[in-house]
Amino acid sequence: MICGVDEAGRGPLAGAVYAAAVILPQHYDLPGLNDSKKLSAKRRDVLFDAIKSCAIAWSVAQASIEEIDELNILHASMLAMQRAVAGLAVVPAEALIDGNRVPKGLTVAGRAIVGGDALEACISAASILAKVSRDREIESLEALYPGYGFAQHKGYPTAQHLEALKRLGPCPVHRKSFGPVIKASAQVALW
């Protein structure tokens with residue numbers, strides 16, 4: 001039994017980084033399963049529910065904004081992946097990790113696969129669970145922090161988000177160690 005592991009949310013300026021681990025049944029065939037970045041939001045939502053209902057085991061974990069700022073985004077992503085694997089109800093024999101690094105501290109053998117989210121079904125499934133979970137969390141921030149446009153850009157550094165940062169300054173869910181957030185903090189401090 002192997003699990004696929006992937007993360008979502010390394011590039012955004014706000015919110016936690018998420019990771020998921022998924023163990024699929026042998027010979028699992030779910031039409032349309034692919035890297036989450038290659039799917040529409042609507043298709044990801046459909047697959048999200050299908051994956052959760054058919055998986056042998058799945059787990060979604062995160063590393064907080066504070067952990068991102070303290071550790072850096074790479075190490076926080078690795079921590080979220082480690083937590084996702086540890087959260088599985090079934091212990092896999094191996095974890096297939098999307099990317100070129102295996103998180104330290106895994107309790108199982110790990111193998112990095114560059115572009116694995118397009119090559120291995122279990123990693124594609126993990127990619128979808130991580131992405132949808134993170135997007136839903138970020139969308140919920142819209143009500144808490146109106147004016148930033150979180151529901152539209154999901155925390156990514158779009159022109160809309162950068163303009164809102166300049167106008168409003170950072171809010172508590174922004175990653176304080178990221179360049180555009182540091183710049184916005186300095187500009188607000190000068191006013």
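Residues numbered from 1 in each chain as written. Predicted model: local features only at pLDDT ≥ 70, side-chain atom pairs only at ≥ 80, totals over all residues. Heavy atoms only, no water.

## Thoughts on the nonpolar core
Operational definition: Definition used in this section: a nonpolar core is a set of buried Ala, Val, Leu, Ile, Met, Phe, Trp, Tyr and Cys residues joined via side-chain atoms within 4.5 Å. Think of it in three bands: with a 1.4 Å probe and only protein chains considered, a residue is buried below 20% of the maximum accessible area for its type, exposed above 50%, and partly exposed in between. Think of it this way: any DSSP run of H or I at least four residues long counts as a helix, any run of E at least two long counts as a strand, and we number them from the N terminus.
Formed by 28 residues in total, the largest nonpolar core has its most connected members in Cys3, Val5, Val17, Ala21, Val85 and Ala95. Looking at this core, the elements that each hand over two or more residues are strand E1 (2-8), strand E2 (17-23), strand E3 (57-63), helix H3 (73-86), strand E4 (94-98) and helix H7 (179-190). No other element matches the eight residues that H3 contributes to this core. Membership of the second largest hydrophobic core comes to 23 residues, among which are Ala8, Leu24, Leu47 and Cys122.

## Points about the sheet that holds E4
Condition: Criterion used throughout: strands pair if DSSP finds at least two bridges between them. To define axes, lines are fitted to C-alpha atoms, for helices over the stretch in contact only, and angles between the resulting N-to-C directions are given on a 0 to 180 degree scale. Working rule for contacts: check all heavy atoms of both residues, and any pair within 4.5 Å makes them a contact.
What the five strands build is an open sheet, ordered E3-E2-E1-E4-E5; its pairing is mixed. Both outer strands of the open sheet, E3 and strand E5 (109-113), are each paired with one neighbouring strand and no more. The average undirected angle you get between the axes of adjacent strands in this sheet is 20°. Direction of pairing for E4 relative to E5: parallel, over a ladder of five bridges. Counterpart to glutamate 94 in the pairing with E5 is alanine 109. Running at roughly 35° to E1, helix H4 (residues 121-144) makes contact with E1, E2, E3, E4 and E5 of the sheet.

## Brief notes about the packing of aromatic side chains
Selection rule: Planes of paired rings set the category: under 30 degrees apart is stacked, over 60 is edge-to-face and the rest tilted, where pairs are Phe, Tyr or Trp rings (Trp by its six-membered ring) whose centres lie within 6.5 Å. Whether a charge sits over a ring depends on NZ of Lys or CZ of Arg being within 6 Å of the ring centre and within 35 degrees of the ring normal.
Taken as a whole, this structure holds one aromatic pair when the rule is applied. Centre to centre, the rings of tyrosine 148 and phenylalanine 150 are 5.5 Å apart; their planes meet at 25°, and the pair counts as stacked. For the pair tyrosine 148 and phenylalanine 150, a shared accessibility class is recorded, and that class is buried. Here the basic side chain of arginine 136 rests over the ring of phenylalanine 48, its NZ or CZ set 4.5 Å away from the ring centre.

## Overview of the pattern of salt bridges
Stated formally: Just to be clear on terms, a salt bridge is a Lys or Arg side-chain nitrogen sitting within 4 Å of an Asp or Glu carboxyl oxygen.
By the definition in use, this model includes nine salt bridges. As a salt-bridge pair, lysine 37 and aspartate 117 come within 3.1 Å of each other at their nearest N and O atoms. Here aspartate 117 lies in the loop between E5 and H4 and lysine 37 lies in the loop between E2 and helix H1 (41-54), a separation of 80 residues in the sequence. Under the relative-accessibility criterion, lysine 37 is labelled exposed at 61%. Note that glutamate 139 is salt-bridged to lysine 154, the shortest N-O span being 3.2 Å. Of this pair, glutamate 139 sits in helix H4 while lysine 154 sits in the loop between helix H5 (150-153) and helix H6 (159-168), placing them 15 residues apart in sequence. Given a relative accessible area of 14%, lysine 154 falls into the buried group. Shared partners join several salt bridges into a network, and the residues in it are Asp35, Lys37 and Asp117.

## Here we look at unusual backbone geometry
Located in the positive-phi region is histidine 27, a residue other than glycine, with phi close to 60°. Tracing the backbone shows histidine 27 in the loop between E2 and H1. Taking relative accessible area as the criterion, histidine 27 reaches 73% and is therefore assigned exposed. Despite not being glycine, lysine 154 has its phi angle at roughly 60°, a positive value.

## A look at the pairing of E2
The element E2 is extensively covered by neighbouring structure, given that seven of its seven residues are classed as buried. Residues of E2 alternate between two faces, with Val17, Ala19, Ala21 and Ile23 on one and Tyr18, Ala20 and Val22 on the opposite face, all of them buried. Here five bridges tie E1 to E2, and the two strands are oriented antiparallel to one another. Paired with valine 5 across the bridge in E2 is alanine 21. Across seven bridges, the pairing between E2 and E3 is antiparallel.

The values reported here are purely geometric and, on their own, carry no functional implication.
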